[in-house]
Protein chains: 2
Amino acid sequence: MPVGRDLFRIGETNKSIFNLLSGWVVIYTLLEDGRRQIVHFALPGAVMGVPTSNGAKISYGAQALTEVVVSVIPNTVLATVLKDDPEVSMRLASTLARDTSIAYDHMTSIGRRTARERVAYLLLELFTRHRAQWPGNHIEEMVIPLTQEQIGDATGLTFVHVNRVLSTLRKDKIVHFHYRRLRILDPDRLIEVAGIDPQTAMSWFERRST
Amino acid sequence: MPVGRDLFRIGETNKSIFNLLSGWVVIYTLLEDGRRQIVHFALPGAVMGVPTSNGAKISYGAQALTEVVVSVIPNTVLATVLKDDPEVSMRLASTLARDTSIAYDHMTSIGRRTARERVAYLLLELFTRHRAQWPGNHIEEMVIPLTQEQIGDATGLTFVHVNRVLSTLRKDKIVHFHYRRLRILDPDRLIEVAGIDPQTAMSWFERRST
DNA sequence: CGGTCCCTTGAGCCCGGTCAATGTGAGTGG
DNA sequence: CCACTCACATTGACCGGGCTCAAGGGACCG
């Protein structure tokens, strides 16, 4: 699927769940007046669009950030798979629980961290999650398919302020982010600025992505 | 369990999941320096502490806000239940998906709404979710076991500012919140201030809680 | 090589934070 | 039934991080 394509939109009643095989997908919500919040960056392995108990309409949308390959699983099929293979049920539950946990961490970032901390946290998170996909790979430079506006939407800031924060982080020789190219100059200080305890940070570097 | 008791703490590796039968539980995270974010208010029916794929430590804690009754289900037991009853798997998946969805909505609130909107949104949410537990009940006054400080922690504000916002909402005759007693004076304007489309708001009033 | 995103930077403002003092409700023990 | 206490709520003065508005300056693409 091409860049910009919607996997599903706000307000739909989803009949299928999506399993992301490759590429990046943004999960986002909108307010009436157009304010946007990016609530999650889905990376390969992610499961998206699982319906909630009440047959409510879905409150968030999913859009391809890059070229994307997804497998689409109709709800009916999901039901039979869960019936046939309890192992899958367990994995699905874990994956969903992980999504919630990541969401809680983002919420904390947005609610309680300063702009500088939020940006550092997001970059660190994207770096480690992205990197986790090529185990053994220690690149310090990678392509993150995001504009500063999207970083703003993810962190609850305006893109103008994101720009200023990125400037200072660059000036401080901590990270360099320019036209979607991310280079971590000083991992330790980045972890420090992000306000993550180093212990936790280390474990991030060994974890799988989703 | 008594008020203030922890069901589980940040950093633990959970061996059991919890099903809340009655009472209120806060799910919260902490930053190193003590800043706190309440990420969820769990109401009866909620499932808490589902472990994530990677055997990572849990990044949030759960604490009883009121007297609480929970059923504790060891992970091992959960596995066999999922094996025996695929129906449960489906329900668990839906419940977890719902948690994620609620988390996304909160994130949007914190990231993109003004203080006034956030507080209105939270009160409205708690009102409808709490109310959904006694179907057919149309009380306009209820006890919400929260201090203004906790409202602040949930909305990403300071309790001082929460107080000011509540003052204006009271002066505007929209809601009255005083010493844990919540009275909705003007539901329509509350929905408007919260920035929820009335359509969605209506559906909230028919939905079950979790 | 023109167009279109995207990034960058400046000036000024305001929402929400900080610090600090005071008020108030509700239980507790005398 | 009153006095005490302690947690919670309220209010004021002032401050500053992040937003708004606005005007350029690159980078990439056809």
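Anything mentioned here points back to the structure above.
Along every chain, residues carry numbers that run from 1 in the direction the sequence is written. For naming, the first written chain is A and the first written ligand is 1, with later ones following in the order written. Local features in a predicted model are, by the rule used here, given only for residues with pLDDT of at least 70; side-chain atom pairs are given and counted only at 80 or more, and totals for whole chains, interfaces and linings are based on all residues. The basis for the side-chain values is all heavy atoms of the structure; hydrogens and waters are excluded.

I would appreciate a short explanation of the overall build of chain A in the present structure.
On a plain count of helices and strands, chain A comes out with seven helices and ten strands. At 18 Å, chain A has a C-alpha radius of gyration in line with the 17 Å of a compact globule built from 210 residues. With the C-alpha coordinates aligned to their principal axes, the bounding extent of chain A is approximately 55 × 45 × 30 Å. Counting only residues that meet the buried cut, chain A has 54% of its 210 residues in that class. For chain A, restricting intrachain contacts to residue pairs at least 6 apart in sequence, the fraction spanning at least 24 positions comes to 70%. To measure how exposed things are, a 1.4 Å probe is used in the Shrake-Rupley method; for residues, cover is taken only from the protein chains shown. Carbon together with sulfur atoms contributes 53% to the accessible area of chain A, which is approximately 9400 Å² in total. Secondary structure elements are taken from DSSP: a helix is a run of H or I of four residues or more, a strand is a run of E of two residues or more, and numbering for both begins at the N terminus. Restricting the calculation to C-alpha atoms gives the radius of gyration, and the globule rule supplies 2.2 Å times the number of residues raised to the power 0.38. We call a residue buried when its accessible area falls under 20% of the maximum for its residue type, exposed when it is over 50%, and partly exposed in between, using a 1.4 Å probe and counting protein chains only. When checking whether two residues touch, look at their non-hydrogen atoms; a contact exists if any pair is within 4.5 Å.

Before we go on, may I ask you to explain unusual backbone geometry in this structure?
A negative phi angle characterises most non-glycine residues, just as the trans form characterises most peptide bonds. Residue and element names in this part refer to chain A. For Lys-173, which is not glycine, the phi dihedral falls at a positive 55°. Assignment of secondary structure puts Lys-173 in the loop between α5 (159-171) and β9 (175-178). Residue class for Lys-173 comes out exposed when judged on its relative accessible area of 59%. Phi is positive for Tyr-179, close to 45°, though the residue is something other than glycine. Here Tyr-179 shows up in the loop between β9 and β10 (181-184). For Tyr-179, a relative accessible area of 67% puts it in the exposed group.

Explanation requested: the protein's contact with DNA strand D in the structure shown.
As a structural note, the neighbourhood of DNA strand D is formed by 20 residues, with Ala-115, His-161 and Arg-164 of chain A together with Gln-148 and Asn-163 of chain B the closest of them. A single heavy atom is enough: if one lies within 4 Å of a molecule or strand, its residue is considered near that molecule or strand. Protein-adjacent atoms of DNA strand D, using a 4 Å cutoff, are sugar or phosphate at a proportion of 69%. A 3.5 Å cut-off defines polar contacts: any pair of N or O atoms within that distance qualifies, except that in protein one atom must be a possible hydrogen donor and the other a possible acceptor, and neighbouring residues in sequence count only when both atoms are side-chain atoms. Between DNA strand D and Ala-115 of chain A there is a distance of 2.9 Å, counted from a phosphate oxygen to a backbone nitrogen or oxygen. Residue His-178 of chain B places a side-chain N or O atom 3.1 Å away from a phosphate oxygen belonging to DNA strand D. At the level of elements, α5 of chain A together with α5 (159-171) of chain B are the ones that each hand at least two residues to the surface near DNA strand D. The dominant element in the surface near DNA strand D, judged by the number of residues it contributes, is α5 of chain B, at six residues.

Hey, could you run me through the sheet that holds β10 of chain A in this one?
Within a sheet, each strand pairs with its neighbour through backbone hydrogen bonds, oriented either parallel or antiparallel. All names here are of chain A. We treat two strands as partners when DSSP finds at least two bridges between them. Taking strand neighbours across the sheet as the criterion, the three strands line up as β8-β10-β9 in an open arrangement whose pairing is antiparallel. A strand with exactly one partner marks an edge of an open sheet, and here the two such strands are β8 (141-143) and β9. Direction aside, the axes of adjacent strands within the sheet are offset by 15° on average. Note that β9 and β10 share four bridges and pair antiparallel. The residue of β10 that forms the bridge with His-176 is Arg-183. Whenever a helix is involved, its axis is fitted only over the stretch in contact; in every case the axis is a line through C-alpha atoms, and angles between N-to-C directions fall within 0 to 180 degrees.

Before we go on, may I ask you to explain the relation of the copies chain B and chain A in this structure?
Each of the two chain copies goes to the other by way of a rotation about an axis and a shift along it. To line up the copies, we fit them by least squares on C-alpha atoms, keeping just the residues with pLDDT of at least 70 in both. Each copy superposes on the other: chain B lies on chain A with an RMSD of 0.0 Å after a rotation of 180° and an axial shift of 0.0 Å. Those values place the two copies in the arrangement expected of a two-fold rotation axis. Comparing interface residues between copies, 100% of those in chain B also lie at the interface in chain A; the contact surface is shared.

Where do I start with the interface of chain B and chain A in this structure?
When the parts come together, some accessible area is lost, and that loss is often what is quoted as the size of the interface. Each partner contributes to the interface: chain B provides 53 residues, whereas chain A provides 53 residues. Per-residue buried area on chain B facing chain A is highest for Tyr-104, Met-107 and Arg-112 of chain B; these three make up 18% of the total on that side. Any carboxyl oxygen of Asp or Glu that lies within 4 Å of a side-chain nitrogen of Lys or Arg is treated as forming a salt bridge with it. Inspection of the region where chain B meets chain A yields four salt bridges. Note that Asp-153 of chain A is salt-bridged to Arg-112 of chain B, the shortest N-O span being 2.8 Å. Between the two partners, chain B and chain A, sit 20 residue pairs in polar contact (both at pLDDT 80 or more). Within the residue set of the side of chain B that touches chain A, elements represented by two or more residues are β3 (25-30), β4 (36-42), α1 (75-84), α2 (86-112) and α4 (148-155) of chain B. Per-element accounting of the side of chain B that touches chain A gives the leading share, 21 residues, to α2 of chain B. Side-chain classes follow a simple rule in which Ala, Val, Leu, Ile, Met, Phe, Trp, Tyr, Cys and Pro form the nonpolar group, Asp, Glu, Lys and Arg form the charged group, and the remainder, Gly included, forms the polar group. Here the side of chain B that touches chain A is built from residues that sort into 22 nonpolar, 18 polar and 13 charged. Buried area is calculated as the accessible area (1.4 Å probe) missing from two parts once they are joined, with the contributions of both summed.

Explanation requested: the protein's contact with DNA strand C in the structure shown.
Around DNA strand C, the structure places 19 residues, and the nearest of them are Gln-148 and Asn-163 of chain A together with Ala-115, His-161 and Arg-164 of chain B. Near the protein, meaning within 4 Å, the atoms of DNA strand C are sugar or phosphate in a fraction of 70%, with bases accounting for the rest. Interatomic distance of 3.4 Å between a side-chain N/O atom of Arg-180 of chain A and a phosphate oxygen of DNA strand C. In this structure, Ala-115 of chain B approaches DNA strand C through a main-chain N or O atom, which is 2.9 Å from a phosphate oxygen. Where the surface near DNA strand C is concerned, the elements lending two or more residues are α5 of chain A together with α5 of chain B. A total of five residues in the surface near DNA strand C trace back to one element, the largest contributor, which is α5 of chain A. Of the residues that constitute the surface near DNA strand C, the class distribution is six nonpolar, nine polar and four charged.

Would you explain the packing of aromatic side chains in this entry?
Ring pairs are drawn from Phe, Tyr and Trp, using the six-membered ring of Trp, whenever the two centres fall within 6.5 Å, and their geometry is named by plane angle: stacked under 30 degrees, edge-to-face over 60, tilted for the rest. Counted by the stated rule, this structure contains eight aromatic pairs over all chains. Plain terms: the ring middles of Phe-8 of chain A and Tyr-60 of chain A are 6.0 Å apart, the flat faces sit at 65° to each other, and that makes the pair edge-to-face. With Phe-8 of chain A in strand β1 (residues 6-8) and Tyr-60 of chain A in the loop between β5 (47-48) and β6 (61-64), the pair connects residues that are 52 residues apart, well separated along the chain. The pair Phe-8 of chain A / Tyr-60 of chain A is uniform in exposure class, with both members buried. When the centroid spacing of 5.2 Å and the interplanar angle of 85° are considered together, the rings of Tyr-60 of chain A and Tyr-104 of chain B count as edge-to-face. Of the two residues, Tyr-60 of chain A is situated in the loop between β5 and β6 and Tyr-104 of chain B in helix α2; the pairing between them involves two chains. A residue is classified by how much of its surface remains accessible, and Tyr-60 of chain A, at 8% relative accessible area, is buried. In textbook terms, an aromatic cluster arises when at least three aromatic residues are bridged by ring pairs, as seen for Phe-8, Phe-18 and Tyr-60 of chain A together with Tyr-104 of chain B. Should the NZ of a Lys or the CZ of an Arg lie within 6 Å of a ring centre and within 35 degrees of the ring normal, that charge is described as sitting over the ring. It is Arg-36 of chain A that lies over the ring of Tyr-28 of chain A; its NZ or CZ is 5.5 Å from the centre.

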